[in-house]
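A structural walkthrough
Each chain, letter by letter, is given below.
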Amino acid sequence: MTTGPNNTGDAPADDDPMSAGTKIGLGVAAALALLVVALLITGAQHSSPSASAGTGSASTTTGTTVPTATGPGVVHVTLSDAQGLGAPMKLIADKSTVPAGKISFVITNTGTIEHELVALKLTGSQKWNTLPIADAGDPPAPVTTGANKVSEANDVADTGTNLKPGETRTLVATLPAGNYALVCNIAAHYGLGMRAPLTVS
Ligand SMILES: [Cu+2]
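Quick summary incoming for the structure in this document. It should be emphasised that the depicted structure is a prediction, and the values quoted were computed from it without experimental measurement.

Attention now goes to the overall build of the protein chain. A count of helical and extended segments in the protein chain gives one helix and 13 strands. Each helix and strand of the protein chain, placed in order from N terminus to C terminus, yields the pattern α-β-β-β-β-β-β-β-β-β-β-β-β-β. When burial is assessed residue by residue, the protein chain has 24% of its 201 residues classed as buried. A fraction of 70% describes how many contacts in the protein chain between residues 6 or more apart in sequence connect residues 24 or more apart.

Given below as structure tokens:
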């Protein structure tokens, strides 16, 4: 009320309270900053797994989160090569059997070049590791010479754009019971070993 501006005599008195206040304020600010950082770290740790689950009931969705989810419907797929087209390549899935329904493929490219994941529904007597390499082009089409891909006529889930080296991506697909081949169908990759079986039961 009467503590308005008093010019005289208050100047020295103002100095001390203000500097003390400033110190307290800085202390509080530092503490708050630490708290915020801690919350951000905690939040990040908690949000990763929950974001992984994927949402929606669409047949396929993709995400760029790096999930750590596990469960019967989660298949971790590793795409790898040692030196590009100059050596055998690998497509390794940590499961070969999953229950029918929503399946989350958590795909990581640990190789040196780009890769993709395509799930092909097998029909008739087709086997995952002996699909005819009779196609070429993008999209693949039957050719008489220069074939380096398998047919994608029965493509049921696809990462679309390729994964760059080091990239992880989630592909969610709703698959009915059946036999499938997981392949990378970039030119020559299937033939170099990028294929794995998947049974949906
Ligand atoms: Cu590949």
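Back to the write-up after that little detour.
Moving on: the sheet that holds strand S6 (residues 118–121). Strand order in the open sheet formed by five strands is S4-S13-S12-S6-S10, with mixed pairing between adjacent strands. The sheet terminates laterally at strand S4 (97–98) and strand S10 (155–158), the two strands that pair on one side only. Bridge analysis of S4 against strand S13 (residues 195–200) gives two bridges, and the strand direction is parallel. If you follow Thr97 over to S13, its bridge partner there is Thr199.

In this structure, strand S12 (residues 178–183) lies alongside S13, joined through six bridges in antiparallel fashion. Within S13, the residue paired with Asn179 across the bridge is Thr199.

The next point concerns the environment of Val77. Structurally, Val77 is set in strand S2 (residues 74–81). Ignoring any residue separated from it by four or fewer positions in sequence, one finds Val77 in contact with Leu91, Ala93, Phe105, Val106, Ile107, Leu117 and Leu182.

Attention shifts here to the sheet that holds strand S8 (residues 141–142). One open sheet accounts for three strands, arranged S8-S7-S9; its pairing is antiparallel. The outermost strands of the open sheet, each flanked by one partner alone, are S8 and strand S9 (149–150). Across two bridges, the pairing between strand S7 (residues 133–136) and S8 is antiparallel. The residue bridging Ala136 from the neighbouring strand is Ala141, located in S8.

Definitions and limits used
- Residues numbered from 1 in each chain as written.
- Predicted model: local features only at pLDDT ≥ 70, side-chain atom pairs only at ≥ 80, totals over all residues.
- Helix = DSSP H or I, 4+ residues; strand = E, 2+ residues; numbered from the N terminus.
- Buried ≥ 20, exposed ≤ 12 C-beta atoms within 10 Å, placed from the backbone.
- Contact = placed C-beta atoms within 7 Å.
- Pairing = 2+ DSSP bridges.

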